[in-house]
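# Breakdown of the fold
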Amino acid sequence: MNPQAKLVFTTSLLLGTTITISSNHWILAWTGLEINTLAILPLISKSHHPRAVEAATKYFLVQAAASALLLFSSMTNAWYTGQWDITQLTHPTSCLILTSAIAIKLGLVPFHFWFPEVLQGSPLTTGLLLSTAMKFPPITLLFMTSQSLNSALLTTMAILSAALGGWMGLNQTQTRKILAFSSISHLGWMAIIITYSPKLALLNFYLYTLMTAAVFLTMDSMKVLKLSTLMTSWTKSPALSTTLLLTLLSLAGLPPLTGFLPKWLIIQELTKQEMPLMATAISLLSLLSLFFYLRLAYCWTITLPPHTTNHMKRWHTHKPVNTQIAILTTLSIMLLPISPIILTIM
């Protein structure tokens, strides 16, 4: 892609995100979301492969439907209350439609079907944007309207997301699809807590972004798209493979890694809200995700390729260490000891 075009699209993404997260008026927030959608489409379809074009088309149709629902929700609320302010969403029908619209934008179950397909058709760097940056504006809207949302609906969608995200990721062989189902599962943890402790949901999103960025960038540096290629990566870069093993376990939420912090705090908050059953259910469902993270880690670090491999032998490459990956991986593994400071800031 032309560097100037890439700069325009990246700037538009930043602009759209900034407009949405800083606006108080529904029309401005909607405008920011539309700018984001239009800016990411060329980045999805830049390879001109039929699967990439299909992914861009699916993404456009789904996001257009979600934006229309969001606009309809805000107009309904304005019609009944005379308020266009985002924090003044009080009409019950508007709250219900808004929850559905943002669930479609995020890819929460039962509106999750588009996300794995779109991620599979996108390059890894665009996949990283779709999994992290593109979810930030809808999460911000959920944060601002959290007092008005329907807790029962969000809790149901959260439990279903954690269940299906883990279950459907079990038999995948494509790394991008595995990370898509991982994202759906993590969104379940954010959705279940957003009405009770919005700041905790945002903390979960920030830490999830850190860990996912580390995994995506590592995969991009090794050009890994499926598990069979993954098995040959140990010979190429043992040190990077070892740190990625820890990052994947952190994504799974194992102590004493960073990923354990949000899960621990969410379970604690759910128990305070007298929802021990939900806390138990979502904790048990996260074991499904743990299985496919362990499968990824096993393929990446423990499996050696057979002599009859169909892939070219990957020799050691003496590339300089990627600073971004080093910083992100360190943060993804070692933030748990400073959790008291993080909680003080919150």
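Residues numbered from 1 in each chain as written. Predicted model: local features only at pLDDT ≥ 70, side-chain atom pairs only at ≥ 80, totals over all residues. Heavy atoms only, no water.

Before going further, it helps to examine the nonpolar core. The biggest cluster of nonpolar side chains holds 99 residues, and the ones touching the most others in it are Ile40, Ile44, Tyr59, Leu70, Leu130, Leu141 and Ile192. Per element, the largest residue contribution to this core is 16 residues, and it comes from helix α10 (residues 198–222). Taken domain by domain, the makeup of this core includes at least three residues from each of domain 1 (1–122) and domain 2 (150–345). Once residues within four sequence positions are removed from consideration, Ile40 is found in contact with Leu13, Tyr59, Thr126, Leu129, Leu130 and Met134. (Core = buried A, V, L, I, M, F, W, Y, C linked by side-chain atoms within 4.5 Å. Buried < 20%, exposed > 50% of the residue type's maximum accessible area, 1.4 Å probe, protein only. Helix = DSSP H or I, 4+ residues; strand = E, 2+ residues; numbered from the N terminus. Domains from an automatic or database assignment. Contact = heavy atoms within 4.5 Å.)

Next up on the list: helix α9 (residues 175–193). For α9, built from 19 residues, the straight-helix expectation of 27 Å at 1.5 Å per residue is met to within 8% by its first-to-last C-alpha distance of 28 Å. With 19 of its 19 residues buried, α9 lies for the most part within the structure. (Expected span 1.5 Å × (residues − 1).)

This part is about the packing of aromatic side chains. How two aromatic rings sit relative to each other is set out by the distance from centre to centre and by the angle between their planes. Within this structure, the stated rule accounts for seven aromatic pairs. Centre to centre, the rings of Trp114 and Phe115 are 5.4 Å apart; their planes meet at 70°, and the pair counts as edge-to-face. Assigned by exposure class, Trp114 and Phe115 land together as buried. Relative to Trp264, the ring of Phe260 has its centre 5.9 Å away and its plane inclined at 10°; by these criteria the two rings are stacked. Of this pair, Phe260 and Trp264 both sit in helix α13 (residues 260–272), separated by four residues, roughly a single helical turn. Residue classification places Trp264 among the partly exposed residues on the basis of a relative accessible area of 39%. If you follow Lys135 out to its NZ or CZ, it ends over the ring of Phe115, 3.9 Å from the centre. Across from the ring centre of Trp189, 5.1 Å away, lies the NZ or CZ of Lys263, which sits over that ring. (Phe/Tyr/Trp six-rings, centres within 6.5 Å; stacked < 30°, edge-to-face > 60°. Lys NZ or Arg CZ within 6 Å of the ring centre and 35° of its normal.)

The next point concerns empty space enclosed by the protein. The full count for this structure, using the stated rule, is four cavities of 30 Å³ or more. Computed from the structure, the largest cavity encloses a volume of approximately 90 Å³. Surrounding the largest cavity, Leu33, Asn36, Thr37, Tyr59, Gln63, Lys105, Trp114, Leu130, Met134, Lys135, Pro137 and Pro138 form its lining. Of all the secondary structure elements, the ones that give two or more residues to the lining of the largest cavity are α2 (26–44), α3 (50–81) and α7 (136–144). Per-element tally for the lining of the largest cavity: the top contributor is α2, with three residues. Tallied by class, residues from the lining of the largest cavity come to seven nonpolar, three polar and two charged. Every residue along the wall of the second largest cavity is listed here: Ser185, His186, Trp189, Leu251, Ala252, Lys263, Ser286, Ser289 and Tyr293. Only α9, α12 (238–252) and α14 (276–302) provide two or more residues apiece to the lining of the second largest cavity. (1 Å grid on protein atoms, 1.4 Å probe; cavity = no way out; pocket = protein on both sides within 12 Å on 5 of 7 lines; lining within 4 Å. Points joined across faces, edges and corners; volume = space filled by probe spheres on them. Nonpolar A, V, L, I, M, F, W, Y, C, P; charged D, E, K, R; others polar.)

Another point: the UniProt feature "domain: NADH:quinone oxidoreductase/Mrp antiporter transmembrane" (unreviewed entry) in the chain. The UniProt record annotates "domain: NADH:quinone oxidoreductase/Mrp antiporter transmembrane" (unreviewed entry) at residues 23–288. With 74% helix and 0% strand, residues 23–288 has end C-alpha atoms that lie 38 Å from one another. (UniProt positions renumbered as here; feature names shortened; annotations may be inferred.)

A few words on the packing of helix α4 (residues 92–106) against α7. Taken N-terminus to C-terminus, the directions of α4 and α7 make an angle of 155°; their axes are 9 Å apart at the nearest point. Considered as vectors, α4 and α7 are oriented roughly antiparallel to each other. The crossing of α4 and α7 is left-handed. Here Ile102, Lys105 and Leu106 of α4 lie close against α7, whose contacting residues are Pro138, Ile139, Leu141 and Leu142. Residue classes in the contact of α4 with α7 are distributed as six nonpolar, no polar and one charged. (Axes fitted to C-alpha atoms, helices over the stretch in contact; angles between N-to-C directions. Parallel < 35°, antiparallel > 145°, perpendicular 65-115°, else oblique. Left-handed = near helix turned anticlockwise from the far one by under 90°.)

Let's shift gears to the pattern of salt bridges. Tallied over the entire structure, the rule returns three salt bridges. Here Lys58 ties to Glu54 by a salt bridge, and the two come within 2.8 Å at their closest N and O atoms. Residue Lys58 and its partner Glu54 are located together in helix α3, separated by four residues, close to a single helical turn. Between Glu117 and Lys58 there is a salt bridge, with its nearest N and O atoms 4.0 Å apart. Taken together, the residues span a long stretch of sequence, with Glu117 in helix α5 (residues 114–120) and Lys58 in helix α3 at a distance of 59 residues. When its relative accessible area of 29% is taken as the criterion, Lys58 is described as partly exposed. Counted as one network, the salt bridges with shared partners bring together Glu54, Lys58, Glu117 and Lys177. (Salt bridge = Lys/Arg side-chain N within 4 Å of Asp/Glu carboxyl O.)

What follows deals with helix α1 (residues 3–22). Over its 20 residues, α1 extends 28 Å from the first C-alpha to the last, a length consistent with the 28 Å expected when each residue adds 1.5 Å. Listed in full, the buried residues belonging to α1 are Leu13, Gly16, Thr17 and Thr20. All buried residues of α1 project into a common sector of 95° when viewed along the axis, lining one side. Residues of α1 that are exposed and angled more than 90 degrees away from the buried face: Pro3, Gln4, Leu7, Leu14 and Ser22. The inward-facing, buried residues of α1 abut α2, α6 (124–131) and α7. (Arc of directions from axis to C-beta.)

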